[in-house]
Amino acid sequence: MKCYVGIDLGSTTTKAIVLDAEGGIVGRGLTNSRSDYMVAAAVAQNEAYINARFELLRKLLHGDESQATDEYLHRLRIRFRYEQIHEHYRHLRERCLAGAEEKRGSDGDLARTVDEIFTAMEEKLADHIASFGDDESLFFRDVAGSLYMALAETAARRWEVSFDLLIGLYDRAILLVEGQLLEQSFRDCAEAALAGLELPMGNDLDAEVLRQAVAEVAGVEF
């Protein structure tokens, strides 16, 4: 599919737009600009491609006339976002635990406390992401940070460790995680999202048709 991509790199957010050969908008992407502008531009462009693929998927299934299909695709998009964020979450956990191990003994058992925080995050992550709905202006650092801080406050009191130290671990780790591009394919995230959702009752959507449609849009080369 021939397309044109425009990227607006700002000091706070970076936006991308994908136009088809006729100049029609087929996808938009948005991310925070972070410290590495090249990564920010790549992430925004990838988000625009993802949104374009979801639009292609919607048209491939039932077009604009099926409300049930649109509702299911809305749920699928949220679950897709969970799969994206969960990969970042695993890297964030590794970074925070590594930082805690380096400071072991400086303020209680930091590694134990950090591990408890991320175990609780794992249990709450899916519902936490779903609570944001379609708000794409909330980025990974916002989603993870709000949950981490709430849980860190409770864990700090329980284990008598410094809350400021726990936040410092997060602040250092999030910069490293945001600065790396993760190898996440649309196909892998979409298939994982499909596996995590049940088809709506009384709808003519078929699981195999969905998988084939996902495979088709995943194979589109921009």
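It should be noted that the structure appears before, not after, this text.
Residues numbered from 1 in each chain as written. Predicted model: local features only at pLDDT ≥ 70, side-chain atom pairs only at ≥ 80, totals over all residues. Heavy atoms only, no water.

**A short note on the overall build of the chain**
Thought 1: Helices and strands together make up the secondary structure of the chain, namely 7 helices and 3 strands.
Thought 2: Starting at the N terminus, the α and β elements of the chain follow one another as β-β-β-α-α-α-α-α-α-α.
Thought 3: Each principal axis of the C-alpha atoms in the chain carries an extent, and together these give about 60 × 40 × 25 Å.
Thought 4: Out of the 222 residues belonging to the chain, those deemed buried represent 44%.
Thought 5: Pairs at least 24 residues apart make up 63% of the contacts formed inside the chain by residues separated by at least 6 positions.
Thought 6: Where the 24 positive side-chain charges of the chain centre and where its 40 negative ones centre are 3 Å apart. (Helix = DSSP H or I, 4+ residues; strand = E, 2+ residues; numbered from the N terminus. Buried < 20%, exposed > 50% of the residue type's maximum accessible area, 1.4 Å probe, protein only. Contact = heavy atoms within 4.5 Å. Lys, Arg positive; Asp, Glu negative; His and termini not counted. Charge placed at Lys NZ, Arg CZ, Asp CG, Glu CD.)

**Things to note about the side chain of Gln84**
Thought 1: Within the element layout of this structure, Gln84 appears in helix H2 (residues 67–102).
Thought 2: Of the residues examined, Gln84 reaches a relative accessible area of 10% and is grouped as buried.
Thought 3: Here the side chain of Gln84 touches Glu47 through a polar contact of 2.9 Å, side chain to side chain.
Thought 4: Among residues more than four places away in sequence, those in contact with Gln84 are Glu47, Ile50, Arg77, Gln184 and Cys189. (Polar contact = N/O pair within 3.5 Å; in protein donor to acceptor, adjacent residues only side chain to side chain.)

**Here's the deal with the state of the cysteines**
Thought 1: Taken as a whole and assessed by the stated rule, the structure comprises 0 disulfides.
Thought 2: Here Cys3 is not disulfide-linked; the sulfur of Cys189 is the nearest cysteine sulfur, at 20 Å.
Thought 3: For Cys3, a relative accessible area of 18% corresponds to the buried category. (Disulfide = S-S within 2.5 Å.)

**Regarding a nonpolar patch on the surface**
Thought 1: Taken together, the side chains of Val5, Ile7, Leu9 and Tyr37 define a hydrophobic patch exposed on the protein surface, amounting to about 330 Å² of accessible area.
Thought 2: Top contributing element to the nonpolar patch by residue count: strand E1 (residues 3–9), with 3 residues.
Thought 3: Looking at the element boundaries, Val5 is found in strand E1.
Thought 4: Relative accessible area serves as the criterion here: at 33%, Val5 is assigned to the partly exposed category. (Patch = residues over 30% accessible without salt bridge, like charges linked within 9 Å, V, L, I, M, F, W, Y side chains within 5 Å. Areas by Shrake-Rupley, 256 points an atom, 1.4 Å probe, with all protein chains shown as cover. Salt bridge = Lys/Arg side-chain N within 4 Å of Asp/Glu carboxyl O.)

**Side note on the layout of surface pockets**
Thought 1: Within this model, the largest pocket holds a volume of roughly 1100 Å³.
Thought 2: Around the largest pocket sit 43 residues that line it, and Glu47, Ile50, Arg77, Phe80 and Gln84 are the ones nearest its centre.
Thought 3: When contributions to the lining of the largest pocket are tallied by element, the ones reaching two or more residues are strand E3 (25–32), helix H1 (37–61), H2 and helix H6 (186–195).
Thought 4: When grouped by side-chain class, the residues that make up the lining of the largest pocket number 19 nonpolar, 12 polar and 12 charged.
Thought 5: Taken together, Arg95, Cys96, Ala98, Gly99, Glu102, Lys103, Leu169, Arg172, Ala173 and Leu176 form the lining of the second largest pocket.
Thought 6: Contributions of two or more residues to the lining of the second largest pocket are made by H2 and helix H5 (163–178).
Thought 7: Sort the elements by how many residues they give to the lining of the second largest pocket and H2 lands first, with 5 residues.
Thought 8: When its residues are assigned to classes, the lining of the second largest pocket shows 5 nonpolar, 1 polar and 4 charged. (1 Å grid on protein atoms, 1.4 Å probe; cavity = no way out; pocket = protein on both sides within 12 Å on 5 of 7 lines; lining within 4 Å. Points joined across faces, edges and corners; volume = space filled by probe spheres on them. Nonpolar A, V, L, I, M, F, W, Y, C, P; charged D, E, K, R; others polar.)

**Points about the pairing of E3**
Thought 1: In this sheet, E3 lies alongside strand E2 (residues 13–20) in antiparallel orientation, the contact comprising 7 bridges. Looking across to E3, one finds that Ile17 is bridged to Arg28.
Thought 2: Linking E2 to E3, which pair antiparallel, is a turn of 4 residues; within it Gly23 sits at a positive phi near 90°. (Pairing = 2+ DSSP bridges.)

**Brief notes about the sheet that holds E1**
Thought 1: If you trace the 3 strands from one edge of the open sheet to the other, you get E1-E2-E3, paired in antiparallel fashion. Each edge of the sheet is formed by a strand with only one pairing partner; in this case those strands are E1 and E3. Between one strand axis and the next, the sheet turns by 15° as a mean value, whatever way the strands run.
Thought 2: Against the sheet, H1 makes contact with E1, E2 and E3, and its axis sits at roughly 145° relative to E3, the strand it touches most. (Axes fitted to C-alpha atoms, helices over the stretch in contact; angles between N-to-C directions.)

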